[in-house]
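Residues per chain are reported as follows:
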Amino acid sequence: MYQTSAFSFKDLDDMEDFYRGNKEYLYTRFSNPNTDDLGQGVAELEGAPKGVATSSGMSAILAGVLAVVSHGDHIIASEDIYGGTYQLFAHELKEFGIEVSFVSMNNLDEIENTIRVNTKLLYSESITNPLLRVENLASLISLAKKHKLTTMIDNTFATPYLIKPFELGADLVIHSATKYIGGHSDVTAGVLVGNETLISKAKTKVVNLGCNLSPFEAWLACRGLKTLAVRMERQVKNAQALADFLRQNTAIKRVYYPESVSENGNGAIVSVDLGENYDIDVFFKSLQWIRIVPTLAGVESTVTYPLRTSHRTVPEAIRSKLGITRGLVRISLGIEDAEDIIDAFDKAIKTAKL
Ligand SMILES: *Cc1c(COP(=O)(O)O)cnc(C)c1O
């Protein structure tokens, strides 16, 4: 692990070698072997030539966006995106003079009608949070190409184990490595991958804005990366088993779990709308070892309550349009035995029955 802020040189000529391009490392904010490993590791999994690691998912999004747009440009983004991304797009970018229109990614006509002369970027997630809608990336990308827009896809929920947006033609793919890539809920990190030109531009933003990741966090995320496939295999199986179990219960209003996502399965998150037949407070109180957390993707099964976390500030009208109801619970499946997970949810659901 290169837990250092800078690299030392034996003489001035040796240091000059960095500026001549013969040496890779000078100062950790510019680059570091551990952060490079993470960027490159995720790039390889996504089938992209280059990657850059950043201090968080949010800074990966920021660096990617600023590699493509500047003052006066316009972005078209999905109306159904991660809350933090919405804040960045709706408020922060606006102050940089960058405009964002939010549209339904289901509706290609609406996207096309929103394109302006200054539109540069189409931004979407591969699988949405918390209702797990799987976007039709192939048609979004072909529409973007037709209008010469750059596409950027947040692939955090799917991971390259399920979906590889770059191989489908997306220009930039971002990950909150805080989630499945790290996988153990002990690191905050982000990764952006794409072609050499875009990643080199994004890397300049990372350096100048100070969005770099620390070597230790990068090392932890790389360690997570080694087990991504085996964790996903188990977590996806557990999700399918829990979704199948919950769907047998006719008192539950709705189970959200997508179908036909990939040959490796349908994802490791299940959302459930318990509806009117259950007391939601009793449900959360009865979960025993399953913890309530405002994140996802760790090796432990956890639950989140979108109404009071990610969608807390979303106006009620939009919430009900999206399906964020009082009974909605998002479940992130861990690597425990499926029977233990099903048993824990079964007990909580029975206890919460009105
Ligand atoms: C968590 C998350 C982010 C933000 O990542 P951070 O690491 O918290 O900055 C972005 N997109 C999605 C889909 C996420 O789940």
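Up top is the structure these notes are about.
In this report, we go over the structure that sits alongside the text. Bear in mind the structure is a predicted one, so any value in this text is a computation, not a measurement.

For the protein chain, the helix and strand inventory stands at 13 helices and twelve strands. Computed over its C-alpha atoms, the radius of gyration of the protein chain comes to 21 Å, within 12% of the 20 Å expected for a compact globule of 354 residues. If one aligns the C-alpha atoms of the protein chain with their principal axes, the spans along those axes are about 75 × 45 × 35 Å. Partitioning the intrachain contacts of the protein chain with sequence separation of at least 6 by distance along the chain shows that 70% fall at a separation of at least 24.

Close to the ligand lie Ser56, Gly57, Met58, Tyr82, Asp154, Thr156, Phe157, Ser176, Thr178, Lys179 and Ala189. Between the ligand and Ser176 there is a distance of 2.8 Å, counted from an oxygen atom to a side-chain nitrogen or oxygen. Expressed as a share of its isolated accessible area of 380 Å², the protein-covered part of the ligand is 91%. Of the residues assigned to the shell around the ligand, the class counts are four nonpolar, five polar and two charged.

Bringing the side chain of Thr151 into the picture now. Tracing the backbone through its elements, the reader meets Thr151 in strand 5 (residues 150-154). Discounting chain neighbours no more than four positions away, the residues touching Thr151 are Leu121, Leu122, Ile141, Ala144, Gly169, Ala170, Asp171 and Leu172.

A word on a nonpolar patch on the surface. On the surface, Met1, Phe216 and Trp219 cluster together into a nonpolar patch covering about 290 Å² of accessible area. The exposure class assigned to Phe216 is partly exposed, which follows from its relative accessible area of 37%.

Spatial ordering of the open sheet is given by 8-9-12-11-10, a layout of five strands whose pairing is mixed. Two strands bound the open sheet, and with one partner strand each, they are strand 8 (254-256) and strand 10 (291-292). In the sheet, strand 10 pairs with strand 11 (residues 302-304) via two bridges, with the strands oriented parallel. Among the inter-strand pairings, Ile292 is bridged to a residue of strand 11, identified as Val303. On the sheet, helix 10 (residues 228-247) packs against strand 8, strand 9 (269-273) and strand 12 (328-332) and is oriented at approximately 20 degrees with respect to strand 9.

We now examine unusual backbone geometry. Residues Asn129 and Pro130 are joined by a peptide bond in cis, for which omega reads 0 degrees. With respect to the secondary-structure elements, Pro130 resides in the loop between strand 4 (119-125) and helix 6 (137-146). We note that Lys148 has phi near 55 degrees; this positive angle belongs to a residue other than glycine. Topologically, Lys148 is positioned in the loop between helix 6 and strand 5. In this structure, Ser185 takes a positive phi of about 55 degrees despite not being glycine.

Conventions and cut-offs
Residues numbered from 1 in each chain as written. Predicted model: local features only at pLDDT ≥ 70, side-chain atom pairs only at ≥ 80, totals over all residues. Heavy atoms only, no water. Helix = DSSP H or I, 4+ residues; strand = E, 2+ residues; numbered from the N terminus. Rg over C-alpha atoms; globule rule 2.2 N^0.38 Å. Contact = heavy atoms within 4.5 Å. Near = heavy atom within 4 Å. Polar contact = N/O pair within 3.5 Å; in protein donor to acceptor, adjacent residues only side chain to side chain. Areas by Shrake-Rupley, 256 points an atom, 1.4 Å probe, with all protein chains shown as cover. Nonpolar A, V, L, I, M, F, W, Y, C, P; charged D, E, K, R; others polar. Patch = residues over 30% accessible without salt bridge, like charges linked within 9 Å, V, L, I, M, F, W, Y side chains within 5 Å. Salt bridge = Lys/Arg side-chain N within 4 Å of Asp/Glu carboxyl O. Buried < 20%, exposed > 50% of the residue type's maximum accessible area, 1.4 Å probe, protein only. Pairing = 2+ DSSP bridges. Axes fitted to C-alpha atoms, helices over the stretch in contact; angles between N-to-C directions.

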